[in-house]
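Chain and residue survey
What follows is the residue order along each chain.
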Amino acid sequence: MKVVLAFAIGLVFGCGILISGMGDPAKVLNFFDLAGTWDPSLAFVMGGALLVTAVGYRLVFRMGQPLLAQSFSLPSKKELDVKLIGGSAVFGIGWALTGFCPGGLVPVLGLGTEPLLTAAAIVAGILTARWMIELTYRRKTAEA
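A count of helices and strands for the chain gives six helices and zero strands. Counting helices and strands in the order they occur from the N terminus, the chain gives α-α-α-α-α-α. For the chain, the C-alpha radius of gyration of 19 Å lies well beyond 15 Å, the compact-globule estimate for 144 residues. Dimensions of the chain, computed from C-alpha atoms along their principal axes, come out at roughly 55 × 45 × 30 Å. The buried share of the chain, taken over its 144 residues, is 15%. At a minimum sequence separation of 6, the contacts of the chain that also span at least 24 residues come to 41%.

The tally for this structure, following the rule as stated, stands at six aromatic pairs. Plain terms: the ring middles of Phe91 and Trp95 are 5.9 Å apart, the flat faces sit at 50° to each other, and that makes the pair tilted. Here Trp95 and Phe91 lie together in helix 4 (residues 82–98), a separation of four residues that amounts to about one turn. Among the aromatic residues, those joined into a ring-pair cluster are Phe31, Phe32, Trp38, Phe91 and Trp95.

Across its 31 residues, helix 6 (residues 113–143) extends 45 Å between first and last C-alpha, which sits within 8% of the 45 Å expected from 1.5 Å per residue. Among the residues of helix 6, Pro115, Thr118 and Ala119 are the ones counted as buried. Looking at the buried positions of helix 6, the neighbouring elements they touch are helix 4 and helix 5 (102–105).

Below, the discussion takes up the nonpolar core. With six residues, the main nonpolar core is built from Ile17, Met22, Val28, Phe31, Leu42 and Trp95. In this structure, Ile17 is in contact with Met22, Gly23, Gly104 and Pro107, ignoring residues within four places of it in sequence.

This part takes up the confidence of the model for the chain. Mean pLDDT over the chain works out to 89, with 100% of the residues at or above the 70 mark. Model confidence for the chain, summarised as mean pLDDT per element, is weakest for helix 5 at 85 and strongest for helix 3 (residues 41–62) at 91.

Once that is clear, we can look at a nonpolar patch on the surface. Nonpolar side chains collect at one region of the surface, where Met1, Leu5, Ile9, Met63, Leu67 and Leu68 lie side by side and expose about 630 Å² of accessible area between them. Tracing the backbone shows Met63 in the loop between helix 3 and helix 4.

In this structure, the largest pocket spans a volume of roughly 860 Å³. The wall of the largest pocket is formed by 26 residues, among which Gly86, Gly87, Val90, Gly125 and Ala129 lie closest to the centre. Broken down by secondary-structure element, the contributors of at least two residues to the lining of the largest pocket are helix 4 and helix 6. Per-class residue counts for the lining of the largest pocket are 15 nonpolar, eight polar and three charged.

This next bit is on the packing of helix 2 (residues 25–32) against helix 4. Across the interface, helix 2 lies against helix 4 with an axial gap of 7 Å and an inter-helix angle of 115°. Considering their axes alone, helix 2 and helix 4 lie roughly perpendicular with respect to each other. On helix 4, the residues touching Pro25, Val28, Leu29 and Phe32 of helix 2 are Trp95, Ala96, Leu97 and Thr98. The class makeup of the residues in the contact of helix 2 with helix 4 is seven nonpolar, one polar and no charged.

Calculation notes
Residues numbered from 1 in each chain as written. Predicted model: local features only at pLDDT ≥ 70, side-chain atom pairs only at ≥ 80, totals over all residues. Heavy atoms only, no water. Helix = DSSP H or I, 4+ residues; strand = E, 2+ residues; numbered from the N terminus. Rg over C-alpha atoms; globule rule 2.2 N^0.38 Å. Buried < 20%, exposed > 50% of the residue type's maximum accessible area, 1.4 Å probe, protein only. Contact = heavy atoms within 4.5 Å. Phe/Tyr/Trp six-rings, centres within 6.5 Å; stacked < 30°, edge-to-face > 60°. Expected span 1.5 Å × (residues − 1). Core = buried A, V, L, I, M, F, W, Y, C linked by side-chain atoms within 4.5 Å. pLDDT = per-residue confidence, 0-100. Patch = residues over 30% accessible without salt bridge, like charges linked within 9 Å, V, L, I, M, F, W, Y side chains within 5 Å. Areas by Shrake-Rupley, 256 points an atom, 1.4 Å probe, with all protein chains shown as cover. Salt bridge = Lys/Arg side-chain N within 4 Å of Asp/Glu carboxyl O. 1 Å grid on protein atoms, 1.4 Å probe; cavity = no way out; pocket = protein on both sides within 12 Å on 5 of 7 lines; lining within 4 Å. Points joined across faces, edges and corners; volume = space filled by probe spheres on them. Nonpolar A, V, L, I, M, F, W, Y, C, P; charged D, E, K, R; others polar. Axes fitted to C-alpha atoms, helices over the stretch in contact; angles between N-to-C directions. Parallel < 35°, antiparallel > 145°, perpendicular 65-115°, else oblique.

Structure representation (structure tokens):
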């Protein structure tokens, strides 16, 4: 049941990305081009997503527990740290340079080499970050 529901949710998300035009990197890049061909449609897509999310969270948290799990999986960490801020900055820079958000990239992976190269760069970035975290952890445990 979980797999079927996850597939259905992913299908709705992917259709939303394609229908809204957010799979087209030029449309996203035009949102960031304030002095040139600015396109505000991304702001409307984000606003709609925030509205749906806000309502969805309110409805879901009124339930005692999730439908298909024992408990909600919520982050326990509340403070900002270098990893969160740095990761957010890298995400934003990558999105502004390529026009692809990782979520919006998935529905267009089969549409050419540009999405595939972007996906490869994202995977390389994730692996590099994990390697750096592991290196830092080893150094700290060796010093202790």
